[in-house]
Amino acid sequence: MRLKTQLLIASFMVALVSPLSVFAQPVAKGVWLGNEVGAAKTPPMGWNSWNAFRTEVDEAKVMGAAQALVDEGLAKKGYTYVNLDDGWWQKRRLTDGRMIIRTRIFPSAATPDGTTSFRGFTDRLHSMGLKAGLYTDVGHNACSQAFDLHSPNLPEGTAEERQVGLDGHVSQDINLYFKEWGFDYLKVDACGLADFAPDSKLVKDNGYIGLTPEIDRASLNRTDSDRVEKRYAAVAAALKETNPDNDYVFSICNWGMANVREWGKDVGSSWRTSSDITPNWSSMLHNYDSAVKRALYAGPGHWNDPDILFIGAGDFDADHLTEARTHFTLWAMMNAPLLISYDLRKAPQSLLDIWGNTDLIAVNQDPAGNQAVVAYDSDDAQILVKTMADGHKVVALFNRTASPAKVNLLASHLKLKGDAPIQLTDLWSKAGSTFTGETEFELAPHETRVFSVQGARELTDGVYLSEIPGAINVADDGVREPQLDPTVHRMIDPWAGTRSGGSWPQYAGWGGAQADMTPYAQALQIADHTYDSGIGVLGNSLLQVKNEGYAIFRATVGVDDSTSNRDRAVTFAVYADGKLVAKTPPLKFGDAAQDISADIAGHKIIELLATDDSAAKEQPVVVTWGGARLQK
Ligand code: GAL
């Protein structure tokens, strides 16, 4: 055998047995990778036409809502975005690809030459101190063209003229919407990538030009997540280029599909974590569950979006104020966008009081951007705790059930000392109370109690990382193949009813980084020792932490007792502004936890790396940064 051939064969053999297939090990970056572009430093607030009017939207309805936002004082409280959803378009003009507005419902958009423009509309909103949002789709066609076929406001004309989505026109449309028309916010839907299969009945019956689906709502495996991400990333790039003033919001709306719960934070200002909300308790639970355990993935500039509020309708109407208050409280605690979608020209005071609760708005808009963390979890009741920028806590006790529920609130849920008095102020009734150690509440069916909390912190000279998810960027969570999250409430699908085989987990994200629990929802535990505070994550992960003035990082680390991969050793390393400042020896399942501490004084970006040499096809190792904290 000639030497060259021998070498080739030898290297092929090495490739077969050597760790070529080792799962990608991340490295410290030394720069902040968290997405902060755009205007959503705090969660966007405003009004959206969809839940209120679907495609039967028109200028009078939208301007009526805008006027009511101002007149009722809601605009002053932060509700500034007025977002036009599906239904505004007439067609794409084929001579130059320009989008034409349906002037029958937006008369002010008419121009003598038929070109149409929203400039007058956005100017009016701006002159009222408001901002303007518009809706489009990332594919060729939009959702109403699949799901609102009865609508009088569907795009008109030839198949080409009815291609109103961004595909093939990204920079042209974004230039038109932002530069020429003056919008400030773009919601980008994804039905164009999901519902227009070339051989489908929908496409044939309606004469659309099909697009081979890249999203299969029923199957993560049949969804091309990378392609979907790339399409949204191209929109993000065009938005950035068109808005050098950075005054824009990019709302990704692909309903939790295509693993967006993981990558949405790097691309958009917000990303829908689930399918559309309906005014129904079960749907609210479903959407809430899709976002509530993703605290580490959100922060200033990028927010989980469990969908528009449905307060004012169905289970959340003026006859169900307990449920309406719960819906609002949960969205506020999760740092969800607060978008009212109700005909505000005739809103009862009882609902205005809910949207207008300034204490809860302040909770939602807190500049630290720490989404609430689940401190107690069950299908019956949950306790959510949010740490505010000034260090004080807000706690919500949520009864998910239709029966009364007893909930014990412990100082430890709040990471406060159990031997010092804790003061609670109810953010709905404003009543105050005090307890020490533990107290008990009887919650009415579907009730949420929410309190601002003052007490003595357990950790007197610092913060646990699980208290500051808004300061953490999960640069790499170590997830190998996206897995479906089984913890989301499975509602009867509002559209399919019980005609399908059942309602199964739909959204990737299982195995993601978690505050105070493992990626697979277990207590944090290393070699028989449990940790109430800490970060649970997989091996080969990189977490970035913003350090605002702390001097020391400390944690007790190791392979978590819950790991099913007991073979691999994990090395934990801490970097400060790109420089290695602490490292453990390789640690295996069962090894005693190791204390790790690092001098981080004066450093801005702390990076936590957990690496191992497991193969890509292997189960990931579960690792725990027990008690991970920043101290003075
Ligand atoms: C859905 C979207 C809704 C609304 C609707 C318009 O896909 O999730 O929020 O925008 O399309 O047709």
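Predicted model only: the values in this text are computed from it and were never measured. (Residues numbered from 1 in each chain as written. Predicted model: local features only at pLDDT ≥ 70, side-chain atom pairs only at ≥ 80, totals over all residues. Heavy atoms only, no water.)

*Asks:* I keep staring at the overall build of the protein chain and nothing clicks. Help me out?
*Replies:* Helices and strands together make up the secondary structure of the protein chain, namely 13 helices and 31 strands. Taking the principal axes of its C-alpha atoms as reference, the protein chain extends roughly 85 × 75 × 50 Å. In the protein chain, the proportion of contacts linking residues at least 24 apart, taken out of those at least 6 apart, comes to 74%. Counting only carbon and sulfur atoms, one obtains 52% of the accessible surface of the protein chain, whose full area is about 24,100 Å². Taking the average location of the 59 positive side-chain charges in the protein chain and that of its 79 negative ones, the two points are 4 Å from each other. (Helix = DSSP H or I, 4+ residues; strand = E, 2+ residues; numbered from the N terminus. Contact = heavy atoms within 4.5 Å. Areas by Shrake-Rupley, 256 points an atom, 1.4 Å probe, with all protein chains shown as cover. Lys, Arg positive; Asp, Glu negative; His and termini not counted. Charge placed at Lys NZ, Arg CZ, Asp CG, Glu CD.)

*Asks:* Explain empty space enclosed by the protein to me, please; I cannot follow it from the model alone.
*Replies:* One water molecule sets the probe size; rolling that probe over the atoms shows where empty space is left. Evaluated as defined, the whole model comprises seven cavities of 30 Å³ or more. Elements with a minimum of two residues in the lining of the largest cavity: strand S11 (373-376) and strand S12 (381-387). A breakdown of the residues in the lining of the largest cavity according to their chemical character gives five nonpolar, five polar and five charged. (1 Å grid on protein atoms, 1.4 Å probe; cavity = no way out; pocket = protein on both sides within 12 Å on 5 of 7 lines; lining within 4 Å. Points joined across faces, edges and corners; volume = space filled by probe spheres on them. Nonpolar A, V, L, I, M, F, W, Y, C, P; charged D, E, K, R; others polar.)

*Asks:* Would you explain the sheet that holds strand S20 (residues 472-476) in this entry?
*Replies:* Within a sheet, each strand pairs with its neighbour through backbone hydrogen bonds, oriented either parallel or antiparallel. If you trace the five strands from one edge of the open sheet to the other, you get S20-S25-S30-S27-S28, paired in antiparallel fashion. Whereas interior strands pair on both sides, the edge strands pair on one side only; in this sheet they are S20 and strand S28 (579-583). Across the sheet, the mean angle separating the axes of adjacent strands is 25° when strand polarity is ignored. Looking at chain direction, strand S25 (residues 541-546) and strand S30 (residues 605-611) are connected through six bridges and run antiparallel. In the sheet register, Lys 546 faces S30, and the bridge partner there is Ile 605. (Pairing = 2+ DSSP bridges. Axes fitted to C-alpha atoms, helices over the stretch in contact; angles between N-to-C directions.)

*Asks:* Explain the sheet that holds strand S2 (residues 81-83) here, please?
*Replies:* Strand order in the open sheet formed by eight strands is S9-S8-S7-S6-S5-S2-S1-S10, with parallel pairing between adjacent strands. The open sheet terminates on both sides in strands that have one partner only, identified here as strand S9 (303-305) and strand S10 (338-340). Across the sheet, the mean angle separating the axes of adjacent strands is 25° when strand polarity is ignored. Here two bridges tie strand S7 (residues 249-253) to strand S8 (residues 270-272), and the two strands are oriented parallel to one another.

*Asks:* Hey, could you run me through the layout of surface pockets in this one?
*Replies:* Empty space within the largest pocket amounts to approximately 920 Å³. What lines the largest pocket is a set of 41 residues, among which Arg 217, Ser 275, Asp 493, Trp 495 and Gln 506 lie closest to the centre. Taken together, the elements giving at least two residues each to the lining of the largest pocket come down to helix H2 (50-53), helix H5 (144-147) and strand S6 (185-189). Its residues placed into classes, the lining of the largest pocket shows 18 nonpolar, eleven polar and twelve charged.

*Asks:* For this particular structure, what's the right way to read helix H6 (residues 170-180)?
*Replies:* Because an α-helix completes one turn every 3.6 residues, residues spaced three or four positions apart along the sequence face the same direction. Among the residues of H6, those classed as buried are Asp 173, Ile 174, Leu 176, Tyr 177 and Phe 178. Looking at the buried residues of H6, the elements they touch are strand S3 (89-92), strand S4 (99-101), strand S5 (131-137), S6 and helix H8 (225-242). Backbone geometry just downstream of H6 places Gly 182 in the positive-phi region, at approximately 85°. (Buried < 20%, exposed > 50% of the residue type's maximum accessible area, 1.4 Å probe, protein only.)

*Asks:* Even after reading the chapter, I still don't get the environment of Asn 48, so can you show me in this structure?
*Replies:* Inspection of the secondary structure assignment puts Asn 48 in strand S1 (residues 45-48). In contact with Asn 48, not counting residues within four places along its chain, are Asn 83, Asp 85, Lys 187, Ile 308, Leu 339, Ile 340 and Ser 341.

*Asks:* Help me out: how do you make sense of the confidence of the model for the protein chain in this one?
*Replies:* One rule of thumb: low pLDDT means the predicted coordinates there are not for detailed reading. Across the protein chain, pLDDT averages 96, with 97% of residues at or above 70. Here residues 1-19 scores under 50 on pLDDT; set against residues more than four positions off or in separate chains, the count is three contacts. (pLDDT = per-residue confidence, 0-100.)

*Asks:* Help me understand the side chain of Asp 516 in this model?
*Replies:* Tracing the chain through its elements places Asp 516 in the loop between strand S21 (514-515) and strand S22 (524-526). Only 2.8 Å separates the side chain of Asp 516 from the side chain of Lys 415, close enough to count as a polar contact. When residues no more than four places from it in sequence are discounted, the contact partners of Asp 516 are Val 373, Lys 415, Ser 466, Leu 524, Asp 532, Ser 533 and Gly 534. (Polar contact = N/O pair within 3.5 Å; in protein donor to acceptor, adjacent residues only side chain to side chain.)

*Asks:* Looking at this model, I keep getting lost on the site of the ligand. Mind explaining?
*Replies:* If you check the shell around the ligand, you find 13 residues, and the closest are Asp 85, Asp 86, Lys 187, Asp 189 and Asp 276. At a separation of 2.8 Å, an oxygen atom of the ligand approaches a polar side-chain atom of Asp 189. Protein contact buries 96% of the 300 Å² of open area that the ligand shows by itself. Most atoms of the ligand, that is more than half of them, are within 2 Å of grid points of the largest pocket. A breakdown of the residues in the shell around the ligand according to their chemical character gives six nonpolar, one polar and six charged. (Near = heavy atom within 4 Å. Sits in = over half its atoms within 2 Å of the grid points.)

*Asks:* Please explain the packing of aromatic side chains as it appears in this structure.
*Replies:* Two measures describe an aromatic ring pair: the distance that separates the ring centres and the angle between the ring planes. In total, this model carries 26 aromatic pairs according to the counting rule given. Considering the side-chain rings of Phe 118 and Trp 181, the 5.3 Å spacing of their centres and the 90° angle between planes classify their relative orientation as edge-to-face. Of the two residues, Phe 118 sits in the loop between S4 and helix H4 (119-127) while Trp 181 sits in the loop between H6 and S6, which places them 63 residues apart along the sequence. A single burial state applies to Phe 118 and to Trp 181, both of which are buried. An aromatic cluster is built from Trp 88, Trp 89, Phe 106, Phe 118, Phe 121, Tyr 135, Tyr 177, Trp 181 and Phe 183, whose rings are joined through pairwise contacts. We note Arg 217 situated over the ring of Trp 255; from NZ or CZ to the ring centre the distance is 4.1 Å. The positively charged end of Lys 415 is found above the aromatic ring belonging to Tyr 464, 5.7 Å away from the centroid. (Phe/Tyr/Trp six-rings, centres within 6.5 Å; stacked < 30°, edge-to-face > 60°. Lys NZ or Arg CZ within 6 Å of the ring centre and 35° of its normal.)

*Asks:* Just checking my understanding: could you explain the side chain of Asp 85 for this structure?
*Replies:* With respect to the helices and strands, the residue Asp 85 is situated in the loop between S2 and S3. Separated by 3.0 Å, the side chains of Asp 85 and Asn 48 make a polar contact. In this structure the side chain of Asp 85 is engaged in a polar contact, spanning 2.8 Å, whose partner is the side chain of Lys 187. Every residue in contact with Asp 85, bar those within four places of it in the chain, is listed here: Asn 48, Ser 49, Trp 50, Tyr 135 and Lys 187.

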